[in-house]
Amino acid sequence: MQFGRPFGFRQLRTRLAVLYAGLFAAGMLLVAGLLYGAVVHNSKVQVRQELIANGTVFDRLWDQQTSQLRAAAGLLARDFGFRAAVATNDRNTVESALINLRRRVGLRTAFIVDIGGNVIGLTDQRQMQDASALSTKLDEGVTAGVANLGGQAHKIVAAPIMAPALTGWVVFATELDQREMRALERMSAIPLTAAVYMRRSDGSWSSADADARIADPSVSRFIEANWSHGQPDDIKGAGAIALAKPLPVVAGAPPAVLLLQYPMRLALNPYRPLEIAIAVIGIFGLGVVVLATWRMARSITLPISLLDAAAGKLADGQLASVPVSSQDELGRLAATFNRMSSDIVEREKRITHLAFSDLLTGLPNRANFNQHLDHQLRIVERRGGRVALLCMDLDDFKGVNDTLGHPTGDELLRRIAARLSEELGDIFVARLGGDEFVMVKAFADDTTAIDDLARRALTAIEGPIHINEHVLETKASIGIAIAPADGSNNDALLRSAELALYKAKEAGRGTYRFFEEPMNALAQARRSIEVDLRHALANGELELHYQPLFHLGADRVGGFEALLRWNHPKRGSVPPVEFIPIAEETGLIVQIGAWVIQEACRQATQWPEHVRVAVNVSSVQFRRPGLSHVVLQALQNSGLKPDRLEIEITESIFLERSDSTLQLLHTLRGLGVRIALDDFGTGYSSLSYLQGFPFDKLKIDRSFVMPLLARPGAAAIVKAIIELADALGMETTAEGVEEPGQLAILKRHGATSIQGFLFSKPVPALEASQLIKSKFKLHAA
Amino acid sequence: MVLAWSAVASPAIAADIDVQVRGTDGAPVVGAVVSVHLAGRPTPRPHPVGTYMIDQQNIQFHPFVSAVPVGASVMFMNHDPVHHHVYSFSPAKKFELKLGSRQQNQSVLFDKPGVVPLGCNIHDRMIAYLDVVDTPWAKTADASGHVLLRDVPAGAVTISVWHPYLRAPGNSVSRTVMLNEAGAHSERFVTPMRAPPHDPGSGY
């Protein structure tokens, strides 16, 4: 299965689980994110409010402290004795008064600076310098605020000493140090940190204590940006919210701020349990979702997996079905799949059956037989043992078809098949086509079992078979070949069995024969003939002999029948009966036949006008296209008048495709060619042929002519045929006339012409020409 | 209230000097003390004439600025129904006077030249200045900022202007000029002034 590209899960289930878990996780993250955002926002707002409140508290404290100090300073500054001491520059008194005051108010630093910048009450040199510089600033009017004393930021409050004019200031200073800041921090409801920063000339800020540490850059930037408006804001990069509160400074002193900081971490502390709760709920929920999805996905994907597996099985050609467990789409899909699966298997069975069965009889067909035999041969090859192939052919089945028609023939085959199946039980029986049946049986080594089988088969088909009104007595011949001795593959074994069958036929019908090696030699000879025949035409080994037809009325040679001869370079003259069937089987007859027509026509042009030439045309030639073309070509090439060419056909050409045969006959007739029916009276032909086509001539078969002298009734048949022919306007030629007595009878009954040794055997072309010239005197007895 | 005293012997040739004192904002500096010392020759000692008075009325000293010659006795007269405790820590004169209510008065002799700020230990807002001068030619400026000093001997003289709010070292500026033998001479002083404290004594 191939699913989504980016993940490529092998299982739908995993994919679903991951998808839903992912969605849930995303949802949880969103909720958690929003919640966190709200919490942060909320706590920020709270912290800001707190910072503002603290800032306000600080302002109030600052003011309160300022006024307290100012009150204390003012009290001293207005003390008459103190003023007197200051005005009279009574240093000792003044210092003692300051010490007294420090104790009373609880201050570390209290001093006096007069308008001239003289300082009393300080000992530190740096502080004294700063204090001295303070006088001019105090004179400008700001008498409370932050000022630098000896490097430490102090909050100072000054009160003027009027004696009665302004003579100086009593200055109280409190250090804005850690202690002070911690005190301030303790006032707050939230744990903020307070620190005082002073601006340096370069714009950065440093702590206001003696260390004068330069503030963290982020803090420094924050103060620089916010100190003027005093609103709380985030310190970027420090994770804290802060309020920079500008402090009043003594005029001219650098700006100072009180920085109240509150770390977000602390602000969020109260929400920590909530965060943990969300995380726990989220993880727990995620687990539940994964589990639930996994289970749900299973309920969805299990049927799909089953379908997947079943489809795979079906693809391999096995019957597959899945349980239908629900009413939903999956259930319907499963049901449909099951139906489809069984239909496919059913159809496949039928197709297989059709492919491997004979439609007519229902027996295994040739393909099936080939497979089966091949299989058996392989077993033999591997495990030893033997296989018998029995090849059975019905005797004279052709006759049944010809006389009773194909439907009857087919029905006969069906009955035979049924009998074989019934009688032979589990023996493999197949029909290869036509009336050819085969049986295959594996056996150990005793061939009596095979004898028995052959006999049983022959017995099975004996006995009358009723088809319509007909009662048919059927016999068959069987050829048997045994593997591996008679052939180790299908073709070889089948060939051997067929040769044995041929022998069985020869031996008289209704019997069986085992294959013997000589049969094979015969077959070899046949094959070599076939091979040689292919070259015979090109090598000029073929020759036409001509047997004259003596015209009784004209008392002269009226024509010749062209007869094929093969002068084999090694074998010598090969009889036509040996090679003509082979030429017909292999189709070489078409090529050879064409040559015969050409050659005969060419030869006939050498003869006088009244002498015709007759050429035998095989049914094979009739079946193949192009005969009429060959004839036309031969006539054109030779310039022979068409009515001097006589095509001799036998009734066998009507055995199949009689419509197209008739059509071809008419075509030939259309060319002006004469058509003669050869071997008339033999075979199964009926008189209907005579009605169907207006032959120019009937050739009375020798089997009617030969007994003319021996059997009294024979003359009657010949007489009837001749009269029939006369009546239909056909000529007659009697074949095989050897006795003058025969000639006499034929003459008496009015045969048109005769042919036979009495007059002449077939002769080469040269002699034929001389025959025409000779004067003959035929002696009729 | 005008304080006046006369010069003793006047030399043969003398001139009158009219001095006008204004702030840089153009306002006349009322009460500015203008005094003339002879330059390059001794300035004759002044002789106090008559009574000099500083009244306390409505919790204030009157006048705010006075000029008296060295050796003058100044009478402090309390017109208020409350007590006053007049004092000065000035180097020129340190003293304390406790004045009962209603018309109590006491005199104080100022025998050294210099500025004597006067305060009241009971009422911080009360403040006044007494300039004890060692020249016969000194006067406080009138409402239009004018001072006319008569019979100043011709020659080089130094004219000084003092006022407690005058923004200058010692709250004083001076200029030396040549006086012609006769006729009136006028000088004009324009000086920066401090704003008077709003409520002296109450701090801020």
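Structure: above.
Residues numbered from 1 in each chain as written. Chains lettered and ligands numbered in written order. Predicted model: local features only at pLDDT ≥ 70, side-chain atom pairs only at ≥ 80, totals over all residues. Heavy atoms only, no water.

### Concerning the packing of helix H16 (residues 576-586) of chain A against helix H17 (residues 588-604) of chain A
Residues and elements named next belong to chain A.
Stage number 1. Contact geometry of H16 with H17 gives a least axis separation of 5 Å together with a crossing angle of 115 degrees. The angle between the axes of H16 and H17 places the two elements in the roughly perpendicular class. Each of Ile580, Ala583, Glu584 and Thr586 in H16 lies in contact with H17, whose residues at this interface are Leu588, Ile589 and Ile592. (Axes fitted to C-alpha atoms, helices over the stretch in contact; angles between N-to-C directions. Helix = DSSP H or I, 4+ residues; strand = E, 2+ residues; numbered from the N terminus. Parallel < 35°, antiparallel > 145°, perpendicular 65-115°, else oblique. Contact = heavy atoms within 4.5 Å.)

### Some remarks on the interface of chain B and chain A
Stage number 1. Taken together, the 17 residues of chain B in the interface contact 14 residues of chain A.
Stage number 2. For the pairing of chain B and chain A, the buried interface totals around 1400 Å² over both sides, and the portion due to carbon and sulfur atoms is 67%.
Stage number 3. Inspection of the region where chain B meets chain A yields two salt bridges.
Stage number 4. Salt-bridge contacts for A:Arg83 lead to B:Asp124; the nearest nitrogen and oxygen are separated by 3.8 Å. (Buried area = accessible area lost by both parts, 1.4 Å probe. Salt bridge = Lys/Arg side-chain N within 4 Å of Asp/Glu carboxyl O.)

### Comments concerning the packing of helix H8 (residues 272-315) of chain A against helix H9 (residues 329-356) of chain A
Residues and elements named next belong to chain A.
Stage number 1. Orientation of H8 relative to H9, taken along the N-to-C sense of each, is 10 degrees, at an axis distance of 11 Å. By the criterion of interaxial angle, the relationship of H8 to H9 is roughly parallel. The residues of H9 that touch H8, namely those facing Ile300, Pro303, Ile304, Leu307, Ala310, Ala311 and Leu314, are Leu330, Leu333, Ala334, Phe337, Ser341, Ile344 and Val345.
Stage number 2. Its residues assigned to classes, the contact of H8 with H9 comprises 13 nonpolar, one polar and no charged. (Nonpolar A, V, L, I, M, F, W, Y, C, P; charged D, E, K, R; others polar.)

### Overview of the sheet that holds strand E1 (residues 14-23) of chain B
Hydrogen bonding along the main chain pairs the strands of a sheet, whether they run parallel or antiparallel.
Residues and elements named next belong to chain B.
Stage number 1. With mixed pairing, the three strands of this open sheet are ordered in space as E13-E1-E16. If you trace the sheet from one side to the other, it starts and ends with strand E13 (146-153) and strand E16 (184-191), each paired once. For this sheet the average axis-to-axis angle between neighbouring strands, irrespective of direction, equals 25 degrees.
Stage number 2. Examined bridge by bridge, E1 and E13 share six bridges and lie antiparallel to one another. Bridged to Gln20 within E13 is His146. (Pairing = 2+ DSSP bridges.)

### Quick look at the nonpolar core
Stage number 1. Of all hydrophobic cores here, the largest spans 78 residues; its most connected members are A:Leu645, A:Ile649 and A:Leu746.
Stage number 2. Among the elements that make up this core, the one with the highest residue count is H17(A) (eight residues). (Core = buried A, V, L, I, M, F, W, Y, C linked by side-chain atoms within 4.5 Å. Buried < 20%, exposed > 50% of the residue type's maximum accessible area, 1.4 Å probe, protein only.)

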